[in-house]
Amino acid sequence: MASVLILNGPNLNLLGTRKPEVYGSTTLAEVEELCRQEAGKLGLDVDFRQSNHEGQLIDWIHEAGAEVKAGRSIGAVFNAGAYTHTSVALHDAIEGAELPVVEVHISNVHRREPFRHHSYLSPVARGIVVGFGVYGYVLAINGLFQAAR
Ligand code: CA2
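Residues numbered from 1 in each chain as written. Predicted model: local features only at pLDDT ≥ 70, side-chain atom pairs only at ≥ 80, totals over all residues. Heavy atoms only, no water.

Explain the sheet that holds strand β2 (residues 45-50) here, please?
The pairing of strands in a sheet comes from backbone hydrogen bonds and takes either a parallel or an antiparallel form. The sheet built from five strands is open, its strands ordered β2-β1-β3-β4-β5 with parallel pairing. Lying at the two open borders of the sheet, with one neighbouring strand each, are β2 and β5 (127-130). Averaged over all pairs of adjacent strands, the angle between strand axes in this sheet comes to 20°, irrespective of strand direction. (Pairing = 2+ DSSP bridges. Helix = DSSP H or I, 4+ residues; strand = E, 2+ residues; numbered from the N terminus. Axes fitted to C-alpha atoms, helices over the stretch in contact; angles between N-to-C directions.)

Okay, structure coming up:
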């Protein structure tokens, strides 16, 4: 069974505990369950991860690229949190690993502060889902699955 990596960046472990007006009340554990249900319908296994550390995310992206090359994974759904707006290193990792990535943001970053309007990841993403709450993960899994067929 092929798998999909669901990768979450800094502070997303706080999801559902604070700022519900921006990010909703669903916890990250509940997002994981949502992803497992959706991926299951598509016959995919889920590898669900979160880290607050840029280097850890980079290492996982490299590993995921190798998994895709070996035919064991279809790619990654990636909410890089605030690193989206700062990280050339994550841009380079996705590009270097040739990892198919769908970039996800729970909030509509374009309706928020100007510093959230630029993404270093969008130019190397296969697609982008923004502003649909945690349902964006479901949309992204489906988009990545269709793109991989
Ligand atoms: O909308 C998104 O998904 C973001 O990627 C979330 C990031 C933010 O920096 C991006 O601009 C947009 C923040 C994730 C932190 O989530 C929290 C959840 C609850 C309480 C505090 C932070």
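In this structure, what is going on with the packing of helix α3 (residues 54-69) against helix α4 (residues 88-97)? I would like to understand it.
The description of two packed helices rests on the angle between their axes and on the distance between the axes. The N-to-C vectors of α3 and α4 enclose an angle of 15°; their axes lie 9 Å apart at closest approach. In terms of axis orientation, α3 runs roughly parallel to α4. Our pair here, α3 against α4, has a crossing hand that is right-handed. Across the interface between the two elements, Glu54, Leu57, Ile58, Ile61, His62, Gly65 and Lys69 from α3 touch Ala89, Leu90, Ala93, Ile94 and Ala97 from α4. (Parallel < 35°, antiparallel > 145°, perpendicular 65-115°, else oblique. Left-handed = near helix turned anticlockwise from the far one by under 90°. Contact = heavy atoms within 4.5 Å.)

How should I be thinking about the side chain of histidine 105 in this particular structure?
Examined against the element boundaries, histidine 105 turns out to sit in strand β4 (residues 101-105). Here histidine 105 falls in the buried class, since its relative accessible area comes to 6%. Residues contacting histidine 105, with those up to four places away along its chain left out, are Asn79, Thr84, Val129, Val130, Gly131 and Phe132. (Buried < 20%, exposed > 50% of the residue type's maximum accessible area, 1.4 Å probe, protein only.)

I would appreciate a short explanation of the environment of proline 10 in the present structure.
Assignment of secondary structure puts proline 10 in the loop between β1 (3-8) and α1 (20-23). For proline 10 and leucine 57, which are 47 residues apart along the polypeptide, the C-alpha to C-alpha distance reads 9.6 Å. Proline 10 has contacts with Gln50, Ser51, Asn52, Leu57, Ala80, Gly81, Ala82 and Tyr83, leaving out every residue within four places of it along the chain.

Where do I start with the site of the ligand in this structure?
For the ligand, the set of nearby residues contains 16 residues, the closest of which are Asn79, His85, Ile106, Ser107 and Arg116. Isoleucine 106 is positioned with one of its backbone polar atoms (N or O) 2.7 Å from an oxygen atom of the ligand. Its free accessible area being 510 Å², the ligand has 93% of it covered by the protein chains. Here the residues of the shell around the ligand sort into eight nonpolar, six polar and two charged. (Near = heavy atom within 4 Å. Polar contact = N/O pair within 3.5 Å; in protein donor to acceptor, adjacent residues only side chain to side chain. Areas by Shrake-Rupley, 256 points an atom, 1.4 Å probe, with all protein chains shown as cover. Nonpolar A, V, L, I, M, F, W, Y, C, P; charged D, E, K, R; others polar.)

What's the story with the pattern of salt bridges in this structure? I'm lost.
If the charged atoms of two oppositely charged side chains come close together, the side chains can form a pair. Counted under the stated rule, the structure contains eight salt bridges. With a shortest N-O distance of 3.9 Å, glutamate 63 and arginine 49 are connected by a salt bridge. Residue glutamate 63 is located in helix α3, and its partner arginine 49 is located in strand β2; the two are separated by 14 residues in the primary sequence. Judged by its relative accessible area of 45%, glutamate 63 falls in the partly exposed class. Residue classification places arginine 49 among the partly exposed positions, given a relative accessible area of 24%. When salt bridges with common partners are traced through the structure, they connect Asp47, Arg49 and Glu63 into a single cluster. (Salt bridge = Lys/Arg side-chain N within 4 Å of Asp/Glu carboxyl O.)

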